Amino acid sequence: MTSVQQFVPGQPRISMTASAEQQARSELQREHARGLRLMVKPSGCSGYKYVLEYVHEPAGDDHQVTIANDVAVYVDAKSLPMVNGTEIDYVTEGVNRFFKFRNPNAEGECGCGESFSVKV
């Protein structure tokens, strides 16, 4: 699996596989959005869930990670320690297609995969 990313020392690290980048590009063009915001919110039996939103205007505490010229991911300051280093993939499982997160900070997930706990 090939991962697409740009490394800048001291900057947040979020990467996307080629399939995730392609899907994100398509969605951003359709929604006329500037990028995707990756956040975590309290939820589920394990503690947190990932949330993706379209960004039309970055928030004041957003950190921008440029994946490609036309694909950017924004992470709010509160979520950043929990998702820094995450790789985003776009997968097909059966008839379902969705973004999947490979987070090195996650300690565990609930049985259904909807929520996760972190070691930050």
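See the structure above.
Keep in mind that this is a model prediction, so the values were computed, not measured.

Enquirer: Could you clarify how one ought to interpret the packing of aromatic side chains in this entry?
Expert: The geometry of two aromatic rings is summed up by the distance between their centres and the angle between their planes. In total, this model carries two aromatic pairs according to the counting rule given. With a centroid separation of 5.1 Å and an interplanar angle of 65 degrees, the aromatic rings of Tyr-90 and Phe-99 are classed as edge-to-face. Here Tyr-90 and Phe-99 have matching classes, each one buried.

Enquirer: Help me understand unusual backbone geometry, please; the structure alone is not making it clear to me.
Expert: Backbone geometry follows two general trends: most residues other than glycine have a negative phi, and most peptide bonds adopt the trans configuration. One non-glycine residue, His-32, lies in positive phi territory at about 55 degrees. As for its position among the elements, His-32 is in the loop between helix H1 (18-31) and strand E3 (35-43). Look at His-32 and you get exposed, because its relative accessible area is 69%.

Enquirer: How should I be thinking about H1 in this particular structure?
Expert: Quick reminder: α-helices carry 3.6 residues per turn. Residues three or four places apart thus point the same way. Counted at 1.5 Å a residue, the expected span for H1 with its 14 residues is 20 Å, and the 20 Å between its end C-alpha atoms agrees. Buried residues of H1: Ala-20, Glu-21, Ala-24, Glu-27 and Leu-28, and no others. Along the axis of H1, the buried positions cluster into a sector of 135 degrees, meaning they face one direction only. Turned more than 90 degrees from where H1 packs its buried face, Gln-22, Gln-29 and Arg-30 sit exposed. His-32 lies just past H1 and shows a positive phi near 55 degrees.

Calculation criteria
Residues numbered from 1 in each chain as written. Predicted model: local features only at pLDDT ≥ 70, side-chain atom pairs only at ≥ 80, totals over all residues. Heavy atoms only, no water. Phe/Tyr/Trp six-rings, centres within 6.5 Å; stacked < 30°, edge-to-face > 60°. Buried < 20%, exposed > 50% of the residue type's maximum accessible area, 1.4 Å probe, protein only. Helix = DSSP H or I, 4+ residues; strand = E, 2+ residues; numbered from the N terminus. Expected span 1.5 Å × (residues − 1). Arc of directions from axis to C-beta.

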